[in-house]
Amino acid sequence: MKTLKHQTLVYDKDCPLCRAYTSGFVKTGMLDENGRLPYTELNTESCMLVHADRARNEIALIDHASKSVTYGIDSLLKVLGHSMPFIEKLGKTKPVYAVLKRLYSFISYNRKVIIPSAKNQTEAQCIPDFNLKYRIAYILFGGIITALVLFRYSQLMNYGRAILPFYIELFLAFGQIPFQWIVLRKENREIQFEYFGNLVTVSVFGSLLLTLGIIANTIINIPPEPHTLWFLITATIMFFEHLRRVELLQLPVKLCISWLSYRFLLLLAVVLYISITK
């Protein structure tokens, strides 16, 4: 790879994705050995160049030769384009650039609800601003994915027939948000939506685990009972992941009680629905 010299990416060290791709740039030779720097380690000289608030939302690329800085998707295209010019050329075309810019913002503004990190009061963390538009988009995306996977997986647990119609699965996937809001109603909007984003991530994580069962079933025909067992195991894993995130967010543990309560109510509703529709 052709090395882009005298350039430094300022990344979020608490974000596994940020660590992975910036490390990849250095290891593949796209950037030199000093080609990345954690946001929390910005020195005085770099701080004079970098817009600190913008760099929390969009990864900053410092050009030490020209003393200039690019941000976000432009930074990534510049690094990739130096070794593979066609990628930068394609990425800079208007329709592709518009999609990439929105996709980058979608991930960046939601990265702390996708993979949360413990709050640290001793250093300036690279935490993105709260963006309601992209948070709602993430919640909608995650809820739809969850409903689709649950609808398909329910067919595996019920001998090829879905337990609930898709529109009900969709309603239930989003129904926990107002249910949990009851516990969080006295918190401000930013805290509420930070939790809702984490709540959706837990559901998406569970959906990914259930997808393993769906994939396995395409390879070998598995009876409903093992699928039901895997569903229960997945729900247990989701509970502890939800608990972990609640503790990281320093929110009341009663959110976990309401999380369980909602699922018990769902179970009763499903049993009642099956008995009525038989």
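Criteria and thresholds
- Residues numbered from 1 in each chain as written.
- Predicted model: local features only at pLDDT ≥ 70, side-chain atom pairs only at ≥ 80, totals over all residues.
- Heavy atoms only, no water.
- Helix = DSSP H or I, 4+ residues; strand = E, 2+ residues; numbered from the N terminus.
- Buried < 20%, exposed > 50% of the residue type's maximum accessible area, 1.4 Å probe, protein only.
- Contact = heavy atoms within 4.5 Å.
- pLDDT = per-residue confidence, 0-100.
- Axes fitted to C-alpha atoms, helices over the stretch in contact; angles between N-to-C directions.
- Parallel < 35°, antiparallel > 145°, perpendicular 65-115°, else oblique.
- Left-handed = near helix turned anticlockwise from the far one by under 90°.
- Nonpolar A, V, L, I, M, F, W, Y, C, P; charged D, E, K, R; others polar.
- Phe/Tyr/Trp six-rings, centres within 6.5 Å; stacked < 30°, edge-to-face > 60°.
- Lys NZ or Arg CZ within 6 Å of the ring centre and 35° of its normal.

K.L.:
Would you take a moment to explain the side chain of Ser207 for this structure?
P.N.:
Relative to the assigned elements, Ser207 resides in helix α9 (residues 189-219). The exposure class assigned to Ser207 is buried, which follows from its relative accessible area of 3%. Dropping the residues within four chain positions of it, Ser207 is found in contact with Ile145, Thr146 and Val149.

K.L.:
Please clarify how the confidence of the model for the protein chain should be interpreted in this entry.
P.N.:
Note that predicted coordinates carrying low pLDDT should not be read in detail. Per-residue confidence for the protein chain averages 90 on the pLDDT scale, and 95% of its residues sit at or above 70. By mean pLDDT, helix α2 (residues 44-49) is the weakest element of the protein chain at 71, and α9 is the strongest at 96.

K.L.:
Which parts of the structure should I look at to understand the packing of α9 against helix α10 (residues 224-248)?
P.N.:
Viewed as axis vectors pointing N to C, α9 and α10 meet at an angle of 155°, and their least axial separation amounts to 10 Å. Judged by the angle between their axes, α9 and α10 are roughly antiparallel. The two elements α9 and α10 cross, and the hand of that crossing is right-handed. Looking at side-chain class alone, the contact of α9 with α10 contains 12 nonpolar, nine polar and two charged residues.

K.L.:
Would you take a moment to explain the packing of aromatic side chains for this structure?
P.N.:
Both the distance between ring centres and the angle between the ring planes are used here to describe each pair of aromatic rings. According to the stated counting rule, one finds 12 aromatic pairs in the structure shown. With a centroid separation of 6.0 Å and 50° between ring planes, the pair formed by Phe239 and Trp259 is classed as tilted. Here Trp259 lies in helix α11 (residues 254-277) and Phe239 lies in helix α10, a separation of 20 residues in the sequence. Note that Arg263 overlies the ring of Trp259, its terminal NZ or CZ placed 3.9 Å from the centroid.

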